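# Examining the three-dimensional arrangement
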Amino acid sequence: MASITDDEFDDLLRNFVDSSVHLETRDAYGTAIELPYMAKWAAGEHDDLSWLNDWCTTLKGHTNAGKTVRRARIVSEPLSDYQRWSYSIAQPMVDAGEDIRWVPRRAVSSVAIPGNDFYLFDNQLVVFLSYAGNGLGVEKVISTDQHDIQLCRTAFEDVWKYAIPHRDYQPV
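Notes on the structure follow. (Residues numbered from 1 in each chain as written. Predicted model: local features only at pLDDT ≥ 70, side-chain atom pairs only at ≥ 80, totals over all residues. Heavy atoms only, no water.)

## Considerations on the overall build of the chain
Note the threshold: In DSSP terms, a helix is any run of H or I states spanning at least four residues, a strand is any run of E spanning at least two, and both are numbered starting from the N terminus. Buried residues are those whose accessible area, probed at 1.4 Å on protein chains only, stays under 20% of the maximum for their type, while exposed residues exceed 50% and partly exposed ones sit between those limits. Every residue pair with non-hydrogen atoms within 4.5 Å of one another is taken to be in contact. Computed with a 1.4 Å probe, the accessible areas rest on the Shrake-Rupley method; for each residue, only the protein chains presented here act as cover. We treat Lys and Arg as the positive residues and Asp and Glu as the negative residues; His and chain ends play no part in the count. One atom stands in for each charge, and that atom is NZ of Lys, CZ of Arg, CG of Asp or CD of Glu.
Secondary structure assignment for the chain yields six helices and eight strands. With respect to the three principal axes, the spread of C-alpha positions in the chain is 45 × 35 × 30 Å. Put simply, the chain has 172 residues, and 43% of those count as buried. Of all intrachain contacts in the chain linking residues separated by at least 6 positions in sequence, the fraction that spans at least 24 positions is 78%. Of the roughly 8,900 Å² that the chain leaves accessible, carbon and sulfur atoms contribute 50%. If the 16 positive side-chain charges of the chain are averaged to one point and the 26 negative ones to another, these points end up 5 Å apart.

## So, the pairing of strand β2 (residues 19-24)
The cut-off we apply is this: The criterion for strand pairing is that DSSP finds at least two bridges linking the strands in question.
Summarising burial for β2: six of the six residues are buried, a large majority. Every second residue of β2 is oriented toward a common face, with Ser19, Val21 and Leu23 on one face and Ser20, His22 and Glu24 on the other, all of them buried. Looking at chain direction, β2 and strand β3 (residues 68-75) are connected through six bridges and run parallel. Looking at the pairing, serine 20 lines up with valine 69 of β3. Here β2 pairs with strand β5 (residues 117-121) via four bridges, running antiparallel. Residue pairing across strands places serine 20 opposite phenylalanine 121, the latter belonging to β5.

## Some details on the pairing of β5
Judged by how many residues are buried, β5 sits mostly within the fold: five of five residues are covered. Residues of β5 alternate between two faces, with Asp117, Tyr119 and Phe121 on one and Phe118 and Leu120 on the opposite face, all of them buried. Summarising the sheet, β5 and strand β6 (residues 125-131) pair through five bridges and their orientation is antiparallel. Looking across to β6, one finds that leucine 120 is bridged to valine 126.

## Digging into the packing of aromatic side chains
Selection rule: Pairing of aromatic rings covers Phe, Tyr and Trp, the last through its six-membered ring, and needs centres within 6.5 Å; plane angles under 30 degrees mean stacked, over 60 mean edge-to-face, and all others mean tilted. Only Lys NZ and Arg CZ are tested; either one counts as a charge over a ring when it is within 6 Å of the ring centre and within 35 degrees of the ring normal.
With the rule as written, the count across this model stands at 12 aromatic pairs. On the numbers, 4.2 Å between centres and 10° between planes, the contact of tyrosine 37 with tryptophan 51 is stacked. Of this pair, tyrosine 37 sits in helix α2 (residues 35-42) while tryptophan 51 sits in the loop between α2 and α3 (53-64), and the two are 14 residues apart along the sequence. The exposure class assigned to tyrosine 37 is partly exposed, which follows from its relative accessible area of 24%. Geometry around tryptophan 160 places arginine 70 over its ring, the cationic atom sitting 4.9 Å from the centre.

## Let's talk about the environment of aspartate 95
Formally: N or O atoms closer than or at 3.5 Å make up a polar contact, with two conditions inside protein: a donor-capable atom paired with an acceptor-capable one, and, for residues adjacent in sequence, both atoms drawn from side chains.
Relative to the assigned elements, aspartate 95 resides in helix α5 (residues 91-95). For aspartate 95, a relative accessible area of 56% translates into the label exposed. Polar side-chain contacts of aspartate 95 include one of 2.7 Å to the side chain of glutamine 91.

## Let's talk about the nonpolar core
Definition in use: Grouping buried Ala, Val, Leu, Ile, Met, Phe, Trp, Tyr and Cys residues that are joined through side-chain atoms within 4.5 Å yields what is termed a nonpolar core.
In this structure, Phe9, Met93, Tyr119, Phe121 and Val127 are the most contacted members of the largest nonpolar core, which totals 28 residues. Contributing elements (two or more residues each) for this core: α1 (6-15), α3, β3, α4 (81-89), β4 (99-104), β5 and β6. Filtering out sequence-adjacent residues up to four positions away, tyrosine 119 remains in contact with Phe9, Leu13, Ser20, Val21, His22, Leu125, Val126, Val127 and Leu129. The next biggest cluster of nonpolar side chains, apart from the first, holds 17 residues, and it includes Val21, Val126, Phe156 and Ala163.

## A short note on the pattern of salt bridges
Using the following cut-off: Salt bridge, as used here: a side-chain nitrogen of Lys or Arg that lies within 4 Å of a carboxyl oxygen of Asp or Glu.
Summed over the entire model, instances satisfying the criterion amount to 11 salt bridges. Glutamate 77 is the salt-bridge partner of arginine 106, the closest N and O atoms lying 2.3 Å from each other. Placement of the pair is arginine 106 in the loop between β4 and β5 and glutamate 77 in the loop between β3 and α4, with a sequence separation of 29 residues. On the basis of relative accessible area, glutamate 77 is assigned to the partly exposed category, the value being 23%. In this structure, the salt-bridge partner of arginine 84 is aspartate 81, at a minimum N-O distance of 3.0 Å. Pair noted here: arginine 84 and aspartate 81 are both in helix α4, with a separation of three residues, about one helical turn. By relative accessible area, which is 40% here, arginine 84 ends up partly exposed. Judged by relative accessible area, which is 46%, aspartate 81 ranks as partly exposed. Salt bridges linked by common partners bring Glu24, Arg71, Arg73 and Glu98 together as one network.

On their own, these measurements won't tell you what the molecule is for.
Structure, rendered in structure tokens:
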């Protein structure tokens, strides 16, 4: 496994061939990009979500090209403040073609899940995402090891069986 830069990761997000799946397992994150917008939300300030436009344009390009983009969020209920905020901003991404689904943590107690969040691109490359305790990203590591790919593919599909589409999920 080798670490990759944010720019290399962005290239993977934008240039996969057929499919991208993303498994999120944490109740809180603290990405530098998101923190100011979450702070506005927490203060009750309006956010027009224009900061999501580039990502939504990328998603539309993927789905228009016939690619699939799926995300499963394993969440504790009631939702953490971060996940409540995340729920509140998900619709533009769903409208752009990302299939975002929510999975109550209690539903996946018997599902084997890798130790870190991950992206699996084209069933050929895994990017494991490591976070500090406060939710800030620490490292992105790639793997093309077949064991890692199979582990992540199986975990994602097993979690997906319990996943509730964004339009149907009602936060507790």
